[in-house]
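Now for the letters of each chain:
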Amino acid sequence: IALTGTPGDCQPCPCPDYTSCAQIAQTGQVVCTNCPAGQTGMRCQMCEDGYYGDPLGQYGSARPCVRCECNGNVDFNAVGVCDRASGRCLKCVGHTEGEHCQRCRRGFYGDALQQTAGQKCKPCSCNPAGTSGHVNECHPQTGNCQCLSHVTGRDCSYCEVGFFDLQPGLGCERCKCNPIGSSS
Amino acid sequence: PRPDVHPIAPGTHLLFAQSGKIEHIPLDGYNMKTEEAKPLLHIPDRVVIAVAYDCVEKMVYWTDITGPAISRASMSGGDINPVITTDLQSPEGIAIDHVARLLFWTDSMRDTVEVSKLDGSQRRVLFDTDLINPRPIVTNPAYGRLYWADWNRDGPKIEMSNMDGTDRTVLVKDDLGLPNGLTFDLDNQQLCWADAGTRKVECMDPHRRLRRQIVEGIHYPFGLVSFGRNLYYTDWRREAVIAVDRQSEKETDEFLPQKRSRLYGITTTPTQCPQGTDQFESQ
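Residues numbered from 1 in each chain as written. Chains lettered and ligands numbered in written order. Predicted model: local features only at pLDDT ≥ 70, side-chain atom pairs only at ≥ 80, totals over all residues. Heavy atoms only, no water.

### Some words on the overall build of chain B
Regarding its fold elements, chain B presents one helix and 25 strands. The C-alpha atoms of chain B give 17 Å as radius of gyration, which agrees with the globular expectation for 283 residues (19 Å, within 12%). Across its three principal axes, chain B shows a C-alpha extent of roughly 45 × 45 × 40 Å. Of all 283 residues assigned to chain B, the portion counted as buried reaches 63%. Taking contacts inside chain B between residues at least 6 apart in sequence as the whole, the part at least 24 apart equals 43%. (Helix = DSSP H or I, 4+ residues; strand = E, 2+ residues; numbered from the N terminus. Rg over C-alpha atoms; globule rule 2.2 N^0.38 Å. Buried < 20%, exposed > 50% of the residue type's maximum accessible area, 1.4 Å probe, protein only. Contact = heavy atoms within 4.5 Å.)

### Thoughts on the side chain of lysine 91 of chain A
Its place among the elements puts lysine 91 of chain A in the loop between β6 (63-67) and β7 (96-97). For lysine 91 of chain A, a relative accessible area of 13% translates into the label buried. Of note is the side chain of lysine 91 of chain A, whose polar atom sits 2.8 Å from the backbone oxygen of valine 79 of chain A. Once residues lying within four places of it in the same chain are set aside, the contact partners of lysine 91 of chain A are Asn73, Val74, Ala78, Val79, Gly80 and Val81 of chain A together with Ser90, Glu92, Ser108 and Met109 of chain B. (Polar contact = N/O pair within 3.5 Å; in protein donor to acceptor, adjacent residues only side chain to side chain.)

### Quick word on the environment of glutamine 146 of chain A
Residues and elements named next belong to chain A. Turning to its location among the elements, glutamine 146 is positioned in the loop between β10 (121-123) and β11 (151-152). Overall, glutamine 146 belongs to the partly exposed group, its relative accessible area being 47%. Taking the C-alpha atoms as reference points, glutamine 146 and threonine 131, 15 residues apart in sequence, are found 5.5 Å from one another. In contact with glutamine 146, other than residues within four places in its own chain, are Gly130, Thr131, Ser132, Gly133 and Cys156.

### Some details on the interface of chain A and chain B
On the chain B side, the residues contacting the 26 residues of chain A number 32 residues. Between chain A and chain B the total buried area reaches about 2,100 Å² when both faces are included, carbon and sulfur atoms providing 52% of it. Glutamate 92 of chain B is the salt-bridge partner of lysine 91 of chain A, the closest N and O atoms lying 3.2 Å from each other. In this assembly, chain A and chain B are joined by twelve residue pairs in polar contact (both at pLDDT 80 or more). A per-class count over the side of chain A that touches chain B returns ten nonpolar, eleven polar and five charged. (Buried area = accessible area lost by both parts, 1.4 Å probe. Salt bridge = Lys/Arg side-chain N within 4 Å of Asp/Glu carboxyl O. Nonpolar A, V, L, I, M, F, W, Y, C, P; charged D, E, K, R; others polar.)

### Digging into the nonpolar core
All names here are of chain B. Residues Ile22, Leu40, Leu41, Val60 and Trp62 are the most contacted members of the largest nonpolar core, which totals 36 residues. Of all the secondary structure elements, the ones that give two or more residues to this core are β1 (13-18), β4 (38-42), β5 (48-54) and β6 (59-64). It is β5 that provides the largest number of residues to this core, a total of four residues. Residues Phe16, Val225, Val241 and Phe255 belong to the second largest nonpolar core, which totals 14 residues. (Core = buried A, V, L, I, M, F, W, Y, C linked by side-chain atoms within 4.5 Å.)

### Overview of the pattern of salt bridges
All names here are of chain B. Tallied over the entire structure, the rule returns 26 salt bridges over all chains. For arginine 246, the salt bridge goes to aspartate 185, with nearest N and O atoms at 3.0 Å. Here arginine 246 is found in the loop between β23 (240-245) and β24 (250-255), whereas its partner aspartate 185 is found in strand β17 (residues 179-185), with 61 residues between them in sequence. A relative accessible area of 2% means that aspartate 185 is categorised as buried. Residue aspartate 245 is joined to arginine 229 by a salt bridge in which the shortest nitrogen-to-oxygen separation is 3.4 Å. With a gap of 16 residues between them, aspartate 245 in strand β23 and arginine 229 in the loop between β21 (221-227) and β22 (230-235) connect regions that are remote in the sequence.

### Concerning the pairing of strand β20 (residues 210-216) of chain B
All names here are of chain B. Bridge count for strand β19 (residues 200-205) against β20 is six bridges, and the pairing is antiparallel. The residue bridging valine 201 from the neighbouring strand is valine 215, located in β20. Remark: four residues form the turn of the hairpin made by β19 and β20, two consecutive strands paired antiparallel; arginine 209 in that turn has positive phi of roughly 60°. (Pairing = 2+ DSSP bridges.)

### A look at the state of the cysteines
Residues and elements named next belong to chain A. Applying the stated rule across the entire model yields 14 disulfides over all chains. Each sulfur in the disulfide pair cysteine 47 and cysteine 65 lies 2.2 Å from the other. Every disulfide takes its handedness from the sign of the S-S torsion; for cysteine 47 and cysteine 65 that torsion is -85°, giving left-handed. Within this pair, whereas cysteine 47 is found in strand β4 (residues 46-47), its partner cysteine 65 is found in strand β6, the two being separated by 18 residues in sequence. The exposure classification of cysteine 47 matches that of cysteine 65, with both residues buried. The disulfide bridge from cysteine 68 ends at cysteine 82, spanning 2.1 Å between sulfur atoms. When the S-S torsion is -75°, as for the bridge of cysteine 68 with cysteine 82, the disulfide is left-handed. In this pair, cysteine 68 is assigned in the loop between β6 and β7 and cysteine 82 in the loop between β6 and β7, connecting sequence segments 14 residues apart. Here cysteine 68 falls in the buried class, since its relative accessible area comes to 16%. With its bonded cysteines labelled in order along the sequence, chain B shows the pairing 1-4, 2-3. Cysteine 175 takes part in no disulfide bond, and the closest cysteine sulfur to it belongs to cysteine 177, at a distance of 4.7 Å. Taking the relative accessible area as the measure of exposure, cysteine 175 reaches 30% and is therefore partly exposed. (Disulfide = S-S within 2.5 Å.)

See the structure below:
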């Protein structure tokens, strides 16, 4: 073909890194067939499943395709774990949530970013008798529930020192000890 | 015809999904004619997961998780037609009953097994309980049975039911990890699965519940299909299609696409619909 052709007959593939392309006979449409790792699409303009970015800079400055960043809070056997353009994590597990599964879901507390195995986000499980709030409302990091007056403990399950008799919805009562006969 | 559908030659082929396209490998007997592998469909903006084939109308059906959608196209070239486009979140398994003309699928975010006619009409949720990560689904039209697997980390299982949703039963729950692939071998009436957790391919006679290991120590299987004496699976780590002879229990061949990326669902396109429906109906 090259012997009878003209210099314009063979065009370079419109694909990154000189990768290959193919022309669909019926329409002349050109499709990149061997996009760089992590890239896909007609012109390798998108990221593959499990990656995100904007490799050709279609929506701003170019961002290479990188693996979904979900803080280890997605399952590696899952598909479609993040949005291929924005990187927003779509399948957070272990009671986590957020763009990158970076925080515990409502009703849970702990450190979603903790690297070690085990339960990163634990249920609030506030004691229904000692909390003035909801049983699943607690501080997202410490897990402290909102306790009734003179009730203490992370989950509001016991009385402060000097108080006794935790009554649901009321709290604890001051000890009525005779100062003369008490050691504290 | 739509330009991104490449008509393919008659004969049996393997179809598999890889990064926005469905590729086909012609089969010569049970051998993959790897040098003739070509794309059948380009859907570059979608992530195709599961594929199924209707031997009656010679149509390929697939799920994509980006639409999300279930679509179909004729093998002889033609438009891509959406079948289901609403109330889908993560459709990761698809199966066809070519006799009853039904489409079944799983959704791992809706946590459902669903059914409709092949054109998407008369849609119905078959199951929405006790499902965490349902993925592969297959039919046995001869017995009117449906099989699916759930890779729930806290209790993976393979289940079956009748196609109308009655008689739901757990078939396998021991020694399972991540059962990503499932296929029904009509010739031997065996249900086979590929497990990325135990790294095995195993088969079972669902009636007598006799279980047999085919291969072990494999890498990361995703899709699985049975054809004659072979099983073919896609592998995420090897980024390949691997053929396994079920009698010798050995890997016999592999196909590495030029493009290196994960491979998903796999199916076959037999030239004729599987026979045997009549002979099993009386049993």
